[in-house]
Amino acid sequence: MTRVVDRTQELAAFLRTRRECLDPAEFGLPARRQARRTPGLRREEVAELAGVSIDYIVRLEQARGLRPSAEVVEALAGALRLSPGERAYLYGLAQQQPRSADKPAAVAAEPLAQLIADLSPLPAMLLNHRYDILAWNREMTRLLVDFETLPPSQRNAMWLCLRHPELRKFYTDRETVVRQGIAHLRAAWATHPDDAELSDLIAEFLAQDEEFARWWAERDVAINGRGLKVLRHPEAGELTVRFEVLAPLENPDQRVLIYRAADDDSRSVLRQLFAG
């Protein structure tokens, strides 16, 4: 029978096994006179790499009740060269939350850019937590706007919704769309406190858009990854789409946004629009 996980014991065993799996030669560590009796790095070597005391490593590996801070967990993950999955596992055992990267991707990861293209004929685009648009396919440009014609500073979904003259009228329920975007930005702002570009973007919106400033002050927080939007396309007319937001495990700061027709009439409208 599977038992409930003893986090302290599992943390100790996990750290020990990860340490023993490492090849000292890959770290460029100085040669030791004393022969290694066990595989992997020594405890003192891990302590040195992580910037903690040897006694601390010993106590962790002996399951003596320590709960490392998020900073120590991050240092251990780096010292042990943990993979993203192992790093997440270590954070979970320590009951800590990993700090999100404060420098989000400014360009699309190549496999994700290819995925966006391959999703045709479904309109799709790739965004980071600031709503910067990193990649898109032809169908999304036909549905929204040709992003290639915009300066990079305007390739931001929130900026387009607030400031682009055509897209301000694009959503039949614009207030809901803007409110959802603001709630997402507030959540991103809290988890990326050192992201100066995000702070500057929010400051710009607060200074230049009265609606944004009013709704931002309400302090709603949410991440909406699925739903319906009714669109008013200048050429194709009104249509309803379902949207889905997917988070890639390999690139957690990037998001894949996909639109699908919500009904037969909308499917017909999209088919005609994309045929042009």
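1. What about the layout of surface pockets?
Any space left empty among the atoms is revealed by the rolling of a water-sized probe across them.
Phase 1: The computed volume of the largest pocket comes to approximately 1200 Å³.
Phase 2: Forming the walls of the largest pocket are 46 residues, and the residues nearest its centre are His 129, His 184, Pro 252, Asp 253 and Arg 255.
Phase 3: Sorting the residues of the lining of the largest pocket by element identifies α5 (84-93), β1 (124-128), α8 (157-163), α9 (174-191), β4 (237-246) and β5 (254-261) as the ones contributing at least two each.
Phase 4: Broken down by element, the lining of the largest pocket gets its largest block of residues, eight residues, from α9.
Phase 5: In the lining of the largest pocket, the residues fall into 29 nonpolar, 11 polar and six charged.
Phase 6: Within this model, the second largest pocket holds a volume of roughly 320 Å³.
Phase 7: Lining the second largest pocket are 15 residues, with Arg 130, Asp 132, Pro 152, Ser 153 and Glu 197 positioned closest to its centre.

2. Things to note about the packing of helix α1 (residues 7-20) against α5
Phase 1: Viewed as axis vectors pointing N to C, α1 and α5 meet at an angle of 150°, and their least axial separation amounts to 9 Å. Compared by their axis directions, α1 and α5 come out roughly antiparallel. Along this stretch, α1 crosses α5, giving a crossing that reads as left-handed. Counted together, Arg 7, Glu 10, Leu 11, Phe 14, Leu 15 and Arg 18 of α1 and Glu 86, Tyr 89, Leu 90, Gly 92 and Leu 93 of α5 form the full contact between these two elements.
Phase 2: Among the residues forming the contact of α1 with α5, the class breakdown is six nonpolar, one polar and four charged.

3. Topic: empty space enclosed by the protein
Phase 1: All chains considered together, the criterion is met by one cavity of 30 Å³ or more.
Phase 2: As a volume, the largest cavity reaches approximately 30 Å³.
Phase 3: In terms of lining, the largest cavity is formed by Leu 15, Arg 19, Val 46, Ile 57, Glu 61, Leu 76 and Leu 80.
Phase 4: Taken together, the elements giving at least two residues each to the lining of the largest cavity come down to α1 and α3 (54-61).
Phase 5: In terms of residue class, the lining of the largest cavity is made up of five nonpolar, no polar and two charged.

4. Side note on the sheet that holds β1
Phase 1: With respect to topology, five strands assemble into an open sheet ordered β2-β1-β5-β4-β3, the strand pairing being antiparallel. A single partner strand is all that each edge strand has here, and the edge strands are β2 (133-136) and β3 (226-233). Averaged over neighbouring strand pairs, the angle between their axes works out to 30° when direction is ignored.
Phase 2: As paired elements, β1 and β2 share three bridges and run antiparallel to each other. Counterpart to Met 125 in the pairing with β2 is Trp 136.
Phase 3: Across the sheet, helix α6 (residues 110-118) is in contact with β1, β2 and β5; its angle to β1 comes to roughly 150°.
Phase 4: Sheet strands in contact with helix α12 (residues 264-275) are β3, β4 and β5, and its direction is about 90° off that of β4.

5. Thoughts on the pairing of β4
Remember that side chains alternate between the two faces of the sheet whenever the strand is regular.
Phase 1: Pairing of β3 with β4, which is carried by eight bridges, proceeds in the antiparallel orientation. Paired with Lys 229 across the two strands is Val 241, which belongs to β4.
Phase 2: Hairpin connection between β3 and β4: a loop of three residues separates the two successive antiparallel strands.
Phase 3: Bridge analysis of β4 against β5 gives six bridges, and the strand direction is antiparallel.

6. Re the packing of α9 against helix α10 (residues 196-208)
Phase 1: Running from amino to carboxyl end, α9 crosses α10 at an angle of 145°, the nearest separation of the two axes being 10 Å. Read as a crossing pair, α9 and α10 show a hand that is left-handed. Mapping the contact onto sequence places Leu 185, Ala 188 and Trp 189 in α9 and Leu 198, Ser 199, Ile 202 and Phe 205 in α10.

What counts and how
Residues numbered from 1 in each chain as written. Predicted model: local features only at pLDDT ≥ 70, side-chain atom pairs only at ≥ 80, totals over all residues. Heavy atoms only, no water. 1 Å grid on protein atoms, 1.4 Å probe; cavity = no way out; pocket = protein on both sides within 12 Å on 5 of 7 lines; lining within 4 Å. Points joined across faces, edges and corners; volume = space filled by probe spheres on them. Helix = DSSP H or I, 4+ residues; strand = E, 2+ residues; numbered from the N terminus. Nonpolar A, V, L, I, M, F, W, Y, C, P; charged D, E, K, R; others polar. Axes fitted to C-alpha atoms, helices over the stretch in contact; angles between N-to-C directions. Parallel < 35°, antiparallel > 145°, perpendicular 65-115°, else oblique. Left-handed = near helix turned anticlockwise from the far one by under 90°. Contact = heavy atoms within 4.5 Å. Pairing = 2+ DSSP bridges.

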